[in-house]
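In case you want the letters, here they are:
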Amino acid sequence: MNYQKILEEITTQTNHLQEKGKIASYIPELAKVSRDSFGISLHFLRGDHYWIGDADKRFSIQSIAKVFSLSMAIGLLGEKIFQRVGVEPSGTAFNSLLQLDYERGIPRNPFINAGALVIMDILFSELKHPKQALLDFVRKLSGNSDIDFNQAVVTSEKSQGFRNTALANLLKSHRNLNNEVEEILDFYFHLCSIEMSCNELSHTFLGFANHGKIPGSDEQILSTSQTKRLNALMQTCGFYDEAGEFSFTVGLPGKSGVGGGIVAVYPEKFSISVWSPELNEKGNSIRGMKTLELFTTKSKLSVF
Ligand code: GLU
């Protein structure tokens, strides 16, 4: 199969989807990104790599980073984290307050904002230097020592973080946040501000396609069983209130972010990432979703 040619075809076939969506301007710093940015990167576990467009350009990975924080928490504490956060799709917006209150402060899953805040709280209690430990973890997983937070994005998000502040306070009122609200928000905004390129993302996620083992090293980040659970959560909860649509059209476990990035894995085979900043009303990249749908259709590589 000529994968480079497939990526080229997809680029042409999705070009008309530019200017069909909105950039996530609720975080002012993200609105500065050029709306026609577009990149794809495909890494196979066996070693070959294909990419196109802006695949080398770093962008704000936002909620994609929630896969890293969840992996860290599962790796440190195992199953017991699921006493404080569920494993069901939410069926509501990623930053919804209503469901959280109704369900007495137990977030539906670790990928909606409330769930990610609980995971950050768990990590904050567990780690001596939480931000540095998080960066070290991502750097190890990616094999790249200059992955970093973007302080301008942290500041920008803090200045407009009213809903996340409300979620953290609601969690606290339900006694599902042990540390101070400000500390956890600061840690969470740092997580969301991590920047990576498509090439770096698909390379990093190969570990999740490889039963939790970093390819080419002896480093086991998660056990096979923990990796199965992580991928299952990506499959069922990785796309806000559109995880069903993503499963239906693409058919791979994955995670999106409001920076316009999406990364998906096919266990034991490959990892693919795409970046296009314009989002649909659910918060997923329009061109990114279509790109992955075309990729699994043309390559016949989907888990279903
Ligand atoms: N930092 C963003 C927020 O909390 C993350 C959103 C996302 O990518 O889903 O609103």
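Everything here concerns the structure above.
Presented here is a report on the structure given in the accompanying data block. (Residues numbered from 1 in each chain as written. Predicted model: local features only at pLDDT ≥ 70, side-chain atom pairs only at ≥ 80, totals over all residues. Heavy atoms only, no water.)

### Notes on the overall build of the protein chain
In terms of regular secondary structure, the protein chain is built from 12 helices and seven strands. Taken against the 2.2 N^0.38 rule, which gives 19 Å for 304 residues, the C-alpha radius of gyration of the protein chain at 18 Å falls within 12% of a compact globule. Summarising its shape, the C-alpha atoms of the protein chain cover approximately 55 × 45 × 35 Å along the three principal directions. The proportion of buried residues among the 304 residues of the protein chain is 60%. Long-range pairs, those at least 24 residues apart, make up 69% of the contacts in the protein chain between residues at least 6 apart in sequence. (Helix = DSSP H or I, 4+ residues; strand = E, 2+ residues; numbered from the N terminus. Rg over C-alpha atoms; globule rule 2.2 N^0.38 Å. Buried < 20%, exposed > 50% of the residue type's maximum accessible area, 1.4 Å probe, protein only. Contact = heavy atoms within 4.5 Å.)

### Structural notes on the pairing of strand β2 (residues 49–53)
If a strand is regular, its side chains alternate between the two faces of the sheet. Alignment of strand β1 (residues 39–44) against β2, held across five bridges, turns out to be antiparallel. What sits directly across from L42, in β2, is Y50. Here β1 folds back onto β2, and the loop between the two strands holds four residues, one of which, G47, carries a positive phi near 125 degrees. (Pairing = 2+ DSSP bridges.)

### Regarding helix α5 (residues 130–142)
Given a rise of 1.5 Å per residue, 13 residues ought to cover 18 Å, and the 18 Å separating the end C-alpha atoms of α5 matches this to within 8%. For α5, the secondary structure elements touched by its buried residues are α2 (66–77), α4 (113–126), α8 (181–192), β4 (195–196) and α9 (198–209). Phi turns positive one or two residues past the end of α5, at G143, with a value near 65 degrees. (Expected span 1.5 Å × (residues − 1).)

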